Each structure stands twice: as C-alpha cells, then as structure tokens.
Amino acid sequence: MILVAGGSGRLGTLLVQRLVARGMPVRVLTRSRARAAHLAGALVEIVEGDVRVAADVQRAVDSADVVVSAVHGFAGPGGVSPASVDRDGNRHLVDAAARTGATVILMSVVGAAADSPMELFRMKYAAEQYLRARGTAWTIVRSTAFLEVWIALMRETMDRAGRVMVFGRGENPINFVSVNDVAALVDRVIADPGARGQTIEIGGPENLTLTELAKAIQSAGPAVAPRHIPCAALTAMSLLLRPFWPERARQGAAALAMDTIDLRFDRSAVGARYPDQPLTPLADVLARCAR
Ligand SMILES: NC(=O)c1ccc[n+]([C@@H]2O[C@H](COP(=O)([O-])OP(=O)(O)OC[C@H]3O[C@@H](n4cnc5c(N)ncnc54)[C@H](OP(=O)(O)O)[C@@H]3O)[C@@H](O)[C@H]2O)c1
C-alpha cells in the first residue's frame, strides 16, 4: 500500500489517479476528508490527519510500503508554513517510515539549498538532509515550478483586472514543467528500485520569463500589456507584512527571488535517466488547459 501525503493536491491527485489505474491500493492523508472526496474509489482509503502532528502521521503510515510526501506549507489553509510542514511535517513522515521500514519518496524543489533566499527552498533542503541521514530507503524528486499553477494564477488575475499580473520586472528566465509530467515521473520512480538513494531533478523544455508566460496566456484575447507589481512593492510586502500576514510576506519574498535568482534548468539529466519521460511544451499545456 502506498501512502500519499498531499494526495488531495494538484500533483497528489494526478499521482493517486495514476497509481489506482495501475491497480495499486492507495491511502491519502489529508486534513479534511472533503478535500479528497474526488479521489473516492475501491482502491483509495482516505485518512484525516495533519503532518504537523506526529501521532496522526504514525497512524497514516502504519502498514504502508511506500510513503510519498507531496505536501507543502508555502501557502494554503490552516496557518501552515514551510517550517511546520516542509521541514517538521516531513520529519514526522520520515520518522514514521523509518520505524516501519517504508520507502520514502520526497517531493522537493530544484534549487533546494541551506542558503537559498526562499524559505520554502531552505525547509525542503532541511527535509532532504534529514531523509538522507535517517537510514530508510529513499528517493528525492526535485521539480521546477508547475506550469498549471502559474497559468491558473495568471488567468485569475486577468479575470479580476482584465490584465495579467506579473510580479516584479518579469525578465528573469524561469523553468516551468507540467505537473502531469512530474506525476508521471513520481509514478515511475515509485516502481523503479534503481531510483533508491537518488535525487532526481525534473524541469520542462522551456525557460520563460513571467512576461513571456503572461503574453502566451493572453495571446487568445486582446493585446493588453501585463500589469507589473514593482520590486519596491514586493520588498515592502515581504518586510512589513511579516508579523501580521506571514503567508503574504512569504509570497512577496518569493516573488522577489523569482525575479532575480537563476531559476533556469537543463532538462537533459532526466532525459538521460528516463528517455521516454514526457516533457510537455507550454503551447500543449495551454491547449490542454483551454477554457
Ligand atoms: N507547485 C509547484 O510549482 C511546485 C514546484 C516544485 C515542487 N512542488 C512540490 O510538489 C508537491 C505538490 O505540490 P502541489 O502544488 O501539487 O500542492 P497543492 O496542490 O498546493 O497541495 C498541497 C497539499 O499539501 C497538503 N498539506 C498541506 N499542509 C498539510 C498538513 N499540515 N497536513 C497534511 N497535509 C497538508 C494539502 O492537503 P489538505 O489541504 O487536503 O490537507 C494538499 O494536498 C509539494 O511537495 C510541493 O512542494 C510544487
């Protein structure tokens, strides 16, 4: 049985559907049964629990052969944070898996590092280090940004204001990957014993600036220039909101980092390991997400 913590999320949902299609029994850990209702089926067991609570995690991991962590605490309901979910919640998952001898597949980010300017990336790195040292079988999958998340976010701003919102100058090339391709990779990593003890990175075929992405998203409609949130506003947001609205302050800091640090990616490594791994171009993802 495979436990998917975060099975209710965007990646988790696609992964659970793939595993079930292969006839694998899956347990989904979610804080709210209602958020996983779309996954209900004969092979899917849904358990309620919070990765920040060690006892919940131990109960969910019980009798699982594989534990997939597809959780994050960057944003979302319940006052989550990268420290409480990506670092400490993942530690709970790793500890519980180590106690029962389960294999851990940890979702992380390309660029995870102890000195990253992004808190999420530092907390993912802490979880990676903990997993590597804990002595249970493991694979780490690091991904670049999910295209579908950014397409949805930009379309939302366009629907609200008639123009796509771009954080910062929007001139920094960033790698984006389709979440479907990441789900396909995680699915095959679960089934591949040769992937144990490996850190596998996946990114898409294109490095795009946020301005290029905004233009591609707007291309079907009238030619309206994107609206840029100036870097000064992002700096103020990241500093001033920290005590009152930490989630929004985190988003400001992350937007600033995305506008400046090197987030390009060379996709050749995953292709060398899995030559038939799909890496879908933006135009095809946009066509699939057509409204
Ligand atoms: N989005 C990206 O661009 C991106 C890029 C690289 C890597 N990743 C990684 O890929 C994975 C999936 O990302 P996603 O964008 O698909 O996520 P998502 O759709 O935002 O879903 C987040 C998931 O985390 C779960 N979660 C959050 N806090 C939790 C808690 N305290 N206890 C239990 N579950 C909790 C949520 O479950 P409930 O709300 O149902 O409890 C939900 O299923 C994450 O590990 C993420 O860091 C994402």
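Look above for the structure.
Analysis parameters
- Residues numbered from 1 in each chain as written.
- Predicted model: local features only at pLDDT ≥ 70, side-chain atom pairs only at ≥ 80, totals over all residues.
- Heavy atoms only, no water.
- Helix = DSSP H or I, 4+ residues; strand = E, 2+ residues; numbered from the N terminus.
- Buried < 20%, exposed > 50% of the residue type's maximum accessible area, 1.4 Å probe, protein only.
- Contact = heavy atoms within 4.5 Å.
- Areas by Shrake-Rupley, 256 points an atom, 1.4 Å probe, with all protein chains shown as cover.
- Lys, Arg positive; Asp, Glu negative; His and termini not counted.
- Charge placed at Lys NZ, Arg CZ, Asp CG, Glu CD.
- Pairing = 2+ DSSP bridges.
- Right-handed = clockwise from strand over helix to strand, strands pointing away.
- Near = heavy atom within 4 Å.
- Polar contact = N/O pair within 3.5 Å; in protein donor to acceptor, adjacent residues only side chain to side chain.
- Nonpolar A, V, L, I, M, F, W, Y, C, P; charged D, E, K, R; others polar.
- Axes fitted to C-alpha atoms, helices over the stretch in contact; angles between N-to-C directions.

### Some remarks on the overall build of the chain
Within the chain, the secondary structure is distributed over 11 helices and 12 strands. Dimensions along the principal axes, computed over C-alpha positions, put the chain at roughly 55 × 45 × 35 Å. Classification of the 291 residues of the chain by burial places 50% in the buried group. Across the chain, every contact between residues at least 6 apart in sequence was considered, and the portion connecting residues at least 24 apart equals 74%. Counting only carbon and sulfur atoms, one obtains 56% of the accessible surface of the chain, whose full area is about 12,700 Å². Averaging the positions of the 33 positive and the 28 negative side-chain charges in the chain gives two centres separated by 3 Å.

### Digging into the pairing of strand β1 (residues 2-5)
Look at any regular strand and the pattern is simple: side chains alternate between the two faces of the sheet. Side chains Ile2 and Val4 of β1 all project onto a buried face; the interleaved residues Leu3 and Ala5 project onto the opposite face, where all are buried too. In the sheet, β1 pairs with strand β2 (residues 26-30) via four bridges, with the strands oriented parallel. What sits directly across from Leu3, in β2, is Arg27. Handedness of the crossover joining β1 and β2 through helix α1 (residues 10-21): right-handed.

### Some points on the site of the ligand
In the neighbourhood of the ligand, 26 residues make up the surrounding shell, with Ser8, Arg10, Thr30, Arg35 and Val71 lying closest. At a separation of 2.8 Å, an oxygen atom of the ligand approaches a polar backbone atom of Arg10. Between a nitrogen atom of the ligand and a main-chain N or O atom of Val51, the distance comes to 3.0 Å. At the level of secondary structure, the elements contributing two or more residues to the shell around the ligand comprise α1, β5 (103-109) and β7 (145-146). When the residues that make up the shell around the ligand are grouped by side-chain class, the tally is 11 nonpolar, nine polar and six charged.

### What to know about the sheet that holds strand β3 (residues 44-48)
If you walk across this open sheet you meet the seven strands as β3-β2-β1-β4-β5-β6-β10, and the pairing is parallel. Unpaired on one side and paired on the other, β3 and β10 (198-202) mark the two borders of the sheet. Taken pair by pair, the neighbouring strands of this sheet meet at an average axis angle of 20°, ignoring direction. Along the sheet, helix α3 (residues 82-100) contacts β1, β4 (66-69) and β5; its crossing angle with β4, the most-contacted strand, is approximately 175°.

### Considerations on the sheet that holds strand β9 (residues 174-177)
On the basis of which strands lie adjacent, the open sheet formed by three strands has the order β7-β9-β11 and mixed pairing. The open sheet has two edge strands, β7 and β11 (206-208), and neither has a second partner. Bridging between β9 and β11 involves three bridges; their strand directions are antiparallel. Bridge assignment links Phe176 to a residue of β11, and that residue is Glu206.

### Looking at the side chain of Thr136
Inspection of the secondary structure puts Thr136 in the loop between α4 (119-134) and β6 (138-143). Separated by 2.7 Å, the side chain of Thr136 and the backbone oxygen of Ala102 make a polar contact. Not counting residues within four places of it along the chain, the set of residues in contact with Thr136 comprises Ala97, Ala98, Gly101, Ala102, Val104 and Leu131.

Purely spatial values, then, with no claim about function.
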